[in-house]
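Topology and contacts: notes
Okay, here's what each chain looks like letter by letter:
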Amino acid sequence: MTGKLYADRLQKTFLSDVAETQAIDGITLGVDEAEFMCLLGPSGCGKTTLLNLFAGFDQPTSGHVYLDGREIAEPGPDRGVVFQEHALFPWLTVRDNVGCGKRVRARPRAEQREIVHRQLTLVGLEGFDGHYPHQLSGGMKQRVAIARALANEPEVLLMDEPFASLDAITRSLLQQELIRIWNETRKTIVFVTHNIEEAVVLGDRIAIMTSRPGRIRAIIEVRLPKPRDLNSPEFNEIERRARALLLGGPELERRA
């Protein structure tokens, strides 16, 4: 099993002609193999910055980030990324969007078709392979984006508020679908959100970040079976603790 991430004393400062902005400050965080980690914090706290460092889209001002002991210096197929907007190519069919990754295109044609079919079946879109993005609902587009990320067989799936633009019912349905997919694939997932309920629904652990510059204020372990009962006293207690920490309550003991 692979897919262990580690951020070591990360700092990231963005420079412009008129200002210097520190996005994150001194973050040390480990994500275990096959773990579902949620990054929870207010808008602008550096959640996406941290995700981009894991993805290799950006480099830290200081500190280091590792995947399975190897320092991350650039993007790679071992990390799949799902964005808030689906980022599908509108001129390609669902089949071609899912199969456009470098690792997939390197396979023989018959194997490419099998990979695409398997991923579309996994996300519940079998039979839609010939559709174009404009023919799909918002939720279906995000399913295609997840299938595309998984088709490259990454060790880690990095997700940046992928359900934020969806209506409440579709969002809830896709949360449950993502839990099912995670149970089937056992991928390491880092999921960015500013929605407290969503973090408690999904996460094995929730890393709660402070306002900018982002730091890890606390980590909550969610030891509840999935799928979770949103009306249970245990769920509501974890949600209450997370909300108190976001609003400046006392820190919890945390495991980096």
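Above this text sits the structure in question.
Residues numbered from 1 in each chain as written. Predicted model: local features only at pLDDT ≥ 70, side-chain atom pairs only at ≥ 80, totals over all residues. Heavy atoms only, no water.

**Topic: the state of the cysteines**
Enumeration according to the criterion identifies zero disulfides in this entry. Considering cysteine sulfurs only, C38 is the nearest to C45, which forms no disulfide, with 13 Å between them. (Disulfide = S-S within 2.5 Å.)

**Details of the sheet that holds strand β10 (residues 216-221)**
Taken in spatial order, the six strands line up as β6-β7-β8-β3-β9-β10 in an open sheet, and their pairing is mixed. Across the chains shown, the open sheet's two edge strands, defined by having one partner strand only, are β6 (79-82) and β10. Looking at each pair of strands side by side, their axes are set apart by 15 degrees on average, direction ignored. Here five bridges tie strand β3 (residues 36-40) to strand β8 (residues 188-193), and the two strands are oriented parallel to one another. (Pairing = 2+ DSSP bridges. Helix = DSSP H or I, 4+ residues; strand = E, 2+ residues; numbered from the N terminus. Axes fitted to C-alpha atoms, helices over the stretch in contact; angles between N-to-C directions.)

**Some thoughts on the pairing of strand β4 (residues 62-67)**
With five bridges joining them, strand β1 (residues 5-15) and β4 adopt antiparallel strand pairing. For Q11, the partnering residue across the bridge sits in β4 and is S62. Here two bridges tie β4 to strand β5 (residues 70-71), and the two strands are oriented antiparallel to one another. Paired with L67 across the strands is R70, a residue of β5. Adjacent in sequence and paired antiparallel, β4 and β5 are bridged by two residues, among which D68 carries a positive phi angle near 55 degrees.

**Focus on the environment of A149**
Relative to the elements of secondary structure, A149 occurs in helix α5 (residues 138-151). When its relative accessible area of 7% is taken as the criterion, A149 is described as buried. Note: C-alpha distance between A149 and M37 (112 residues apart in sequence) is 17 Å. What A149 contacts, discounting residues up to four positions off in sequence, is G80, V81, V82, P154 and L157. (Buried < 20%, exposed > 50% of the residue type's maximum accessible area, 1.4 Å probe, protein only. Contact = heavy atoms within 4.5 Å.)

**Topic: the pattern of salt bridges**
Per the stated rule, a full pass over the model turns up 16 salt bridges. Here E35 ties to R205 by a salt bridge, and the two come within 2.5 Å at their closest N and O atoms. Remark: R205 occurs in strand β9 (residues 205-209) and E35 occurs in the loop between β2 (20-31) and β3; sequence separation between them is 170 residues. When sorted by exposure, E35 lands in the same class as R205, which is buried. Salt bridges linked by common partners bring R143, E177, R180 and E184 together as one network. (Salt bridge = Lys/Arg side-chain N within 4 Å of Asp/Glu carboxyl O.)

**Remarks on the nonpolar core**
Looking at soluble globular proteins, one finds that nonpolar side chains tend to be buried together. The biggest cluster of nonpolar side chains holds 49 residues, and the ones touching the most others in it are F191 and I206. Broken down by element, the residue count for this core peaks at eight residues, all from α5. Look past the residues within four positions of F191 in its chain and what remains in contact with it is F36, M37, C38, L39, M159, P162, F163, L178, E198 and L202. If you look at the next biggest cluster of nonpolar residues, it comprises 26 residues, including M37, L39, A55 and V65. (Core = buried A, V, L, I, M, F, W, Y, C linked by side-chain atoms within 4.5 Å.)

**Some thoughts on the pairing of strand β7 (residues 156-160)**
Of all five residues in β7, five are buried, a share of seventy percent or more. In this sheet, β7 lies alongside β6 in parallel orientation, the contact comprising four bridges. Opposite V82, over in β7, you have M159 as the bridge partner. With five bridges joining them, β7 and β8 adopt parallel strand pairing. Bridge assignment links L158 to a residue of β8, and that residue is V190. Considered for its hand, the β-α-β crossover made up of β7, helix α6 (residues 168-185) and β8 is right-handed. (Right-handed = clockwise from strand over helix to strand, strands pointing away.)

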